[in-house]
Amino acid sequence: MKIGKLLLLAACLIGAAGAVCAQELEADFRFRFYNDKFLNARDNRGTEDYVRYLARIRAKWDANANASFYNELITFTEANPLTPVRGIAATGNIHYGISQVFGQLQYPDVLCFDLLRFRVGRQQFPIGKGLSMGESYYFTDKFDGARLDLSYRSYNFSLFGAITGTNVSESGLYPEPGTDQVYAARLSKRAYRHNLMLYSIYEKPRNDFNDSYILGAGFTADWLDGRLDYYAEGAWQNYHTVAGLPEKSGIGYMAGVGYRWSWRYFRSIKVETQYAAYQGDDANTPETEIFSPLYPSFFWGDRNGYVNGAIGGDYPYDGRNAEGSRIWYTRCYFRPALLPDLMLQLQYIKIKEYVNRDGYNVFDDEFAIKAYYDLSKQTRLQLRYARDFSNGDDKDLNGNGIITSSEDRVNRERFMLEFVIEL
């Protein structure tokens, strides 16, 4: 179905629904032009110019005071499986797919609870800042399940369970035994101007082993009318491994602090720093140390400094990077008083391994300059320059006498122009 026809159909449906029930509609479109230049590459590659785009439509319909329906559509390109959401121009047909769809029942003053909310369908369940389980538009084919939220005074308790993958028959018409599942519980409370949180996650792959339990805690806070903010979170993960193999567990943690103020020619200035750590294996111990949740998500950088359970990043993911990682992120951004619609940002990301067993750091650092300009309340331009720096020379990690493309420590310079429309 052509995009124009789909949008026309969606508009008609929304218009018809609006005649009988309340509705909420949000949408955004992002267009990005990239110019990538590669330095110190063994294949002498030049520059790459390309375009990426993303569009989302989110709608909510209230059937009555207690029942509602939520749907999110997101763009896909058929011939770009490695980045299934943020499409690359001229890589095949573009179409909308459903990334989230769920129904919700909500009732105030049920039994002893101030609020009871129940959701069922495809949905996400972000926890904290994304250390163990985050939110991402790359999570498009997961989390088909249910969520229960209960509120009592300043306490909030949530239960979540979902299927993230299922074995199906060759025809795809019926399921076969074997599913990937995730279960989570979270308790939060507001106390002493802090938002406190405890949570647990059970990750259960479809095989008999490597299911894991995660226990975590954290807090967020802000003071001085929001000028000072900070947070911290930590978690421990324990795996169920095959009998006879070493025990497998690890810790992860993250923290951040920021301060905002105004000064003479600047309407607003803010400096903040954040740190995240994912434990890796120490060869000097009999146990296997690793903290590698399946669905974390946070993005601090451009090509580096991100963690995501769908596309990987700078953490022990899918068997890679057994030595773990440490990520430092520092940025400063400010708005000039004479140009209140302009925001300038400087940031630096430093990454190293949690346990450096071989004296070789496989990660790259990154420096970036960004400029944001608000054309209106709904439109924004961004201009970005980013440069990464390798923390080592080319090295034959496989020991086969050949430097492969993955072992070639290539430095990159990137210019990016983005145009955003939000409705």
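Residues numbered from 1 in each chain as written. Predicted model: local features only at pLDDT ≥ 70, side-chain atom pairs only at ≥ 80, totals over all residues. Heavy atoms only, no water.

### Regarding unusual backbone geometry
Trans is the prevailing form of peptide bonds, just as negative phi is the prevailing case for residues other than glycine.
Then, number 1: Located in the positive-phi region is Ala90, a residue other than glycine, with phi close to 65°.
Then, number 2: In this fold, Ala90 is placed in the loop between strand 4 (87–88) and strand 5 (94–110).
Then, number 3: The class of Ala90 is exposed, set by a relative accessible area of 82%.
Then, number 4: A positive phi angle, close to 55°, is found at Asp109, a residue other than glycine.
Then, number 5: If you trace the backbone, Asp109 turns up in strand 5. (Helix = DSSP H or I, 4+ residues; strand = E, 2+ residues; numbered from the N terminus. Buried < 20%, exposed > 50% of the residue type's maximum accessible area, 1.4 Å probe, protein only.)

### Describing the sheet that holds strand 17 (residues 306–308)
Then, number 1: Taken in spatial order, the three strands of this open sheet run 16-17-18, and their pairing is antiparallel. This sheet does not close on itself; its edge strands, each paired only once, are strand 16 (297–299) and strand 18 (312–313).
Then, number 2: Note that strand 16 and strand 17 share three bridges and pair antiparallel. Paired with Phe298 across the strands is Val307, a residue of strand 17. (Pairing = 2+ DSSP bridges.)

### Topic: the nonpolar core
Then, number 1: Core analysis: the largest hydrophobic core is formed by 31 residues, its most contacted members being Met133 and Trp300.
Then, number 2: Only strand 8 (155–168), strand 9 (175–191), strand 10 (194–204), strand 12 (228–239), strand 14 (266–279), strand 19 (324–336) and strand 20 (342–352) provide two or more residues apiece to this core.
Then, number 3: If you tally residues by element for this core, the top one is strand 10, at three residues.
Then, number 4: Leave out the neighbours within four places in its chain, and Met133 touches Phe125, Pro126, Ile127, Phe143, Phe160, Val182, Ile201, Tyr295 and Pro296. (Core = buried A, V, L, I, M, F, W, Y, C linked by side-chain atoms within 4.5 Å. Contact = heavy atoms within 4.5 Å.)

### What about the pattern of salt bridges?
Then, number 1: Tallied over the entire structure, the rule returns 25 salt bridges.
Then, number 2: A salt bridge links Arg331 to Glu272, with the shortest nitrogen-to-oxygen separation between them at 2.4 Å. Residue Arg331 is found in strand 19, and its partner Glu272 is found in strand 14; the two are separated by 59 residues along the sequence.
Then, number 3: As a salt-bridge pair, Lys350 and Asp365 come within 3.0 Å of each other at their nearest N and O atoms. Here the residue Lys350 occupies a position in strand 20, and Asp365 occupies one in strand 21 (residues 364–374), the gap between them amounting to 15 residues.
Then, number 4: A relative accessible area of 3% means that Asp365 is categorised as buried. (Salt bridge = Lys/Arg side-chain N within 4 Å of Asp/Glu carboxyl O.)

### Considerations on the layout of surface pockets
Then, number 1: Approximately 640 Å³ is the volume found for the second largest pocket.
Then, number 2: Surrounding the second largest pocket, 29 residues form its lining, Pro205, Ser292, Leu294, Asp318 and Gly319 being those nearest its centre.
Then, number 3: The set of elements that each furnish at least two residues to the lining of the second largest pocket consists of strand 8, strand 9, strand 10, strand 12 and strand 15 (288–289).
Then, number 4: Among the residues making up the lining of the second largest pocket, the classes are represented as 10 nonpolar, 10 polar and nine charged. (1 Å grid on protein atoms, 1.4 Å probe; cavity = no way out; pocket = protein on both sides within 12 Å on 5 of 7 lines; lining within 4 Å. Points joined across faces, edges and corners; volume = space filled by probe spheres on them. Nonpolar A, V, L, I, M, F, W, Y, C, P; charged D, E, K, R; others polar.)

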